[in-house]
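# Structural overview
Residue-level listing of the chains:
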Amino acid sequence: MDNVFVHPHALAESETIGSGTRIWAFAHVMKGAQIGAKCNICDHAFVESGAVLGNGVTIKNGVSVWNGVTLEDEVFLGPNVALTNDMIPRSHQLEEGPSNFELVPTRICHGASVGANATIVCGVTIGEYAMVGAGAVVTRDVPAYTLVAGVPARPMGLVCRCGCRMADADISECGTCGRRYVRDDSGWSVQGETGHRDV
Amino acid sequence: MDNVFVHPHALAESETIGSGTRIWAFAHVMKGAQIGAKCNICDHAFVESGAVLGNGVTIKNGVSVWNGVTLEDEVFLGPNVALTNDMIPRSHQLEEGPSNFELVPTRICHGASVGANATIVCGVTIGEYAMVGAGAVVTRDVPAYTLVAGVPARPMGLVCRCGCRMADADISECGTCGRRYVRDDSGWSVQGETGHRDV
Amino acid sequence: MDNVFVHPHALAESETIGSGTRIWAFAHVMKGAQIGAKCNICDHAFVESGAVLGNGVTIKNGVSVWNGVTLEDEVFLGPNVALTNDMIPRSHQLEEGPSNFELVPTRICHGASVGANATIVCGVTIGEYAMVGAGAVVTRDVPAYTLVAGVPARPMGLVCRCGCRMADADISECGTCGRRYVRDDSGWSVQGETGHRDV
């Protein structure tokens with residue numbers, strides 16, 4: 001854990017935190033959380049044992065990342081985004097015997113962004129460089145390079161890796177950065193790149 | 001306050017906290033809050049003076065429970081759930097004289113669950129074992145054993161005490177746990193139990 | 001900074017905090033934030049360098065106020081309200097060279113209130129004494145004295161400075177406090193006051 005910044009009022013209990021990562025005031029990273037390099041974990045964030053963060057992940061204030069959640073490289077979670085890992089939440093504090101809690105995983109893929117205060121119901125995969133609008137409630141998978149918004153979240157169009165909107169045609173070019181995208185049976189990819197990223 | 005766990009970075013100022021309750025990092029339970037036994041009050045939660053929690057209540061990260069809110073036994077509040085106690089919020093910091101703040105109570109009944117990032121507008125009662133979907137905005141009462149979702153939240157069906165969906169017929173049986181429910185003028189109850197619970 | 005209350009578990013790094021302001025547990029006010037007098041900054045709130053708060057502002061628990069956000073006098077932000085300052089959020093932690101982050105400002109005008117868990121997409125102005133319903137997602141400007149709600153937020157009627165609903169006619173009188181409002185080309189104002197407030 002060389003070159004990790006931990007604010008004097010943060011709690012960083014994990015032994016797996018990559019170089020260049022910063023953890024800010026009143027944030028809490030539990031033992032057993034796996035954190036990549038160059039992440040930015042902001043004030044009042046929480047990362048539970050078993051959560052997995054790649055490199056360059058940004059978690060803004062007030063976000064909790066649970067066991068069962070995987071955030072690939074360069075994912076962005078806006079302030080107060082809510083994740084979950086239980087489809088049937090009940091408080092079982094008074095019962096004897098084994099809990100019927102069943103962990104349901106969530107994956108947010110390379111470069112995807114989740115807007116402020118959005119809610120991600122567990123069990124979904126959010127594709128690479130997808131963008132979830134502020135305040136949306138995601139209840140099903142989001143394809144790569146797709147913008148979703150609303151409650152429940154629905155597809156609203158195509159977004160470039162740089163974040164700009166594009167026309168949703170079979171071949172699409174970003175008016176801002178010039179990247180060209182092609183669509184095949186597995187979805188969108190950048191023209192000239194060999195398939196989807198391995199992460 | 002025997003057998004209460006208070007994380008070294010939590011603030012537990014109440015003198016009424018039941019046995020077996022746990023209060024986690026950066027949580028703040030104010031003096032005058034009433035907390036039952038075996039509760040789980042997670043990181044960055046807040047419980048105000050005057051709030052009442054029964055036994056076995058789970059409050060996930062980032063939830064604030066205000067004066068005027070009653071959470072009965074085994075209630076579950078997911079991460080970043082927002083409660084309120086004022087129908088007409090205005091900042092009155094600059095005015096002289098008495099505030100026109102009027103406390104509006106909220107009750108969440110035995111065993112009910114509120115999904116992540118849902119919002120509960122004050123003045124409502126959420127019936128026993130009801131379930132509020134993630135990201136919903138509750139603006140009116142929710143009957144017992146009823147699932148609600150959306151903005152504003154609307155009834156979506158019937159849920160068992162165990163959390164599973166059931167057909168919404170006059171007599172309904174849970175396909176998972178086998179409990180049978182009957183509907184009468186006062187709503188749903190488990191067949192063979194004598195009326196609704198006293199809490 | 002006479003007469004400023006800072007809770008022993010808060011971090012108040014700004015040198016510009018007005019008299020009578022209170023900052024509560026686990027809140028963090030950064031150096032370079034500008035805070036007026038008689039503000040109330042509640043538990044787990046965050047105020048970033050560059051944010052500007054007038055006098056008598058109330059920020060409830062779990063709210064983060066970013067650089068680029070201006071809150072005029074007596075603004076109220078309910079618990080877990082989410083603000084933003086970036087229309088195209090991407091995590092750029094792994095890239096070399098200059099970020100393409102572009103700050104987009106937000107202004108919330110004198111006396112306006114934002115309900116619990118609402119989301120304010122950056123770039124908007126919320127007019128004076130407007131009211132945003134709990135859980136709403138604001139994506140465009142809100143006129144003065146207007147109630148908005150829903151996802152995305154839409155106008156639902158007229159509210160008085162005292163917070164009560166009024167009929168949406170060319171001249172409207174509050175049934176509670178008796179203030180009379182008139183509408184002209186620039187919107188609503190209180191009859192007899194000379195134009196809009198300077199803040």
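Located above this text is the structure these notes cover.
Here is what the cut-offs are and how they apply
- Residues numbered from 1 in each chain as written.
- Chains lettered and ligands numbered in written order.
- Predicted model: local features only at pLDDT ≥ 70, side-chain atom pairs only at ≥ 80, totals over all residues.
- Heavy atoms only, no water.
- Contact = heavy atoms within 4.5 Å.
- Salt bridge = Lys/Arg side-chain N within 4 Å of Asp/Glu carboxyl O.
- Polar contact = N/O pair within 3.5 Å; in protein donor to acceptor, adjacent residues only side chain to side chain.
- Nonpolar A, V, L, I, M, F, W, Y, C, P; charged D, E, K, R; others polar.
- Pairing = 2+ DSSP bridges.
- Helix = DSSP H or I, 4+ residues; strand = E, 2+ residues; numbered from the N terminus.
- Buried area = accessible area lost by both parts, 1.4 Å probe.
- Least-squares fit on C-alpha atoms with pLDDT ≥ 70 in both.
- Phe/Tyr/Trp six-rings, centres within 6.5 Å; stacked < 30°, edge-to-face > 60°.
- Buried < 20%, exposed > 50% of the residue type's maximum accessible area, 1.4 Å probe, protein only.
- Disulfide = S-S within 2.5 Å.

In this section: the interface of chain A and chain C. One widely used convention gives an interface's size as the accessible area the parts lose upon coming together. Each partner contributes to the interface: chain A provides 38 residues, whereas chain C provides 31 residues. The interface formed by chain A and chain C holds zero salt bridges in total. Inspection of the chain A/chain C interface yields 16 residue pairs in polar contact (both at pLDDT 80 or more). When grouped by side-chain class, the residues that make up the side of chain A that touches chain C number 17 nonpolar, 15 polar and six charged.

Looking now at the sheet that holds strand E10 (residues 58-59) of chain A. Pairing is mixed in the open sheet, where 10 strands are placed in the order E1-E4-E7-E10-E13-E16-E19-E21-E22-E23 (chain A). The open sheet is flanked by strand E1 (5-6) and strand E23 (165-166) of chain A, the only strands paired with a single partner.

Right, let's talk about the side chain of Asn40 of chain C for a bit. Along the chain, the position of Asn40 of chain C falls in strand E7 (residues 40-41). Setting aside anything within four residues of it in sequence, one finds Asn40 of chain C in contact with Gln93 of chain B together with Arg22, Trp24, Val57, Thr58 and Ile59 of chain C.

A word on the interface of chain A and chain B. Chain A puts 31 residues into the contact, and the matching count from chain B is 38 residues. For the pairing of chain A and chain B, the buried interface totals around 2400 Å² over both sides, and the portion due to carbon and sulfur atoms is 57%. Contact with chain B buries area across many residues of chain A, yet Arg90, Gln93 and Leu94 of chain A alone supply 30% of it, more than any other trio. Between chain A and chain B we count zero salt bridges in total. At the junction of chain A and chain B, the tally comes to 16 residue pairs in polar contact (both at pLDDT 80 or more). Of the residues in the side of chain A that touches chain B, the class split is 16 nonpolar, 12 polar and three charged.

Superposing chain A onto chain C takes a rotation of 120° plus a shift of 0.0 Å along the axis, which leaves an RMSD of 0.0 Å. What the rotation and shift describe, once combined, is the action of a three-fold rotation axis. Mapped onto chain C, only 16% of the interface residues of chain A again fall at the interface, so the copies present different surfaces.

Turning our eyes to something else, we now look at the packing of aromatic side chains. For the structure shown, the criterion picks out 15 aromatic pairs over all chains. Between the aromatic rings of Phe26 of chain B and Phe26 of chain C, the centroid separation amounts to 5.7 Å while the plane-to-plane angle is 75°, which identifies the pairing as edge-to-face. You can see Phe26 of chain B sitting in the loop between strand E4 (22-23) and strand E5 (28-29) and its partner Phe26 of chain C sitting in the loop between strand E4 (22-23) and strand E5 (28-29), one on each of two chains. Here Phe26 of chain B matches Phe26 of chain C in class, with each residue buried. Measuring from centroid to centroid gives 5.6 Å for Phe46 of chain B and Trp66 of chain B, while their planes differ by 55°, and the two rings are tilted. Here Phe46 of chain B, found in strand E8 (residues 46-47), pairs with Trp66 of chain B, found in the loop between strand E11 (64-65) and strand E12 (69-71); they are 20 residues apart in sequence, far enough to count as distant. With relative accessibility at 4%, the residue Trp66 of chain B sits in the buried group. In this structure an aromatic cluster arises from ring pairing among Phe26 of chain A, Phe26 of chain B together with Phe26 of chain C.

Right, let's talk about the state of the cysteines for a bit. Taken as a whole, this structure holds zero disulfides over all chains when the rule is applied. Note on Cys174 of chain B: no disulfide assigned, nearest cysteine sulfur contributed by Cys162 of chain B at a separation of 3.7 Å.

So, about the pattern of salt bridges. Throughout the structure, instances matching the rule amount to 12 salt bridges over all chains. As a salt-bridge pair, Glu193 of chain A and Arg161 of chain A come within 3.0 Å of each other at their nearest N and O atoms. Residue Glu193 of chain A is located in the segment after strand E26 (187-190), and its partner Arg161 of chain A is located in the loop between strand E22 (154-159) and E23; the two are separated by 32 residues in the primary sequence. A residue is classified by how much of its surface remains accessible, and Glu193 of chain A, at 37% relative accessible area, is partly exposed. We note a salt bridge from Glu15 of chain B to Lys31 of chain B, for which the minimum N-O separation is 3.4 Å. Placement of the pair is Glu15 of chain B in the loop between strand E2 (11-12) and strand E3 (16-17) and Lys31 of chain B in the loop between E5 and strand E6 (34-35), with a sequence separation of 16 residues. You'll find Glu15 of chain B and Lys31 of chain B in the same group, each marked exposed.

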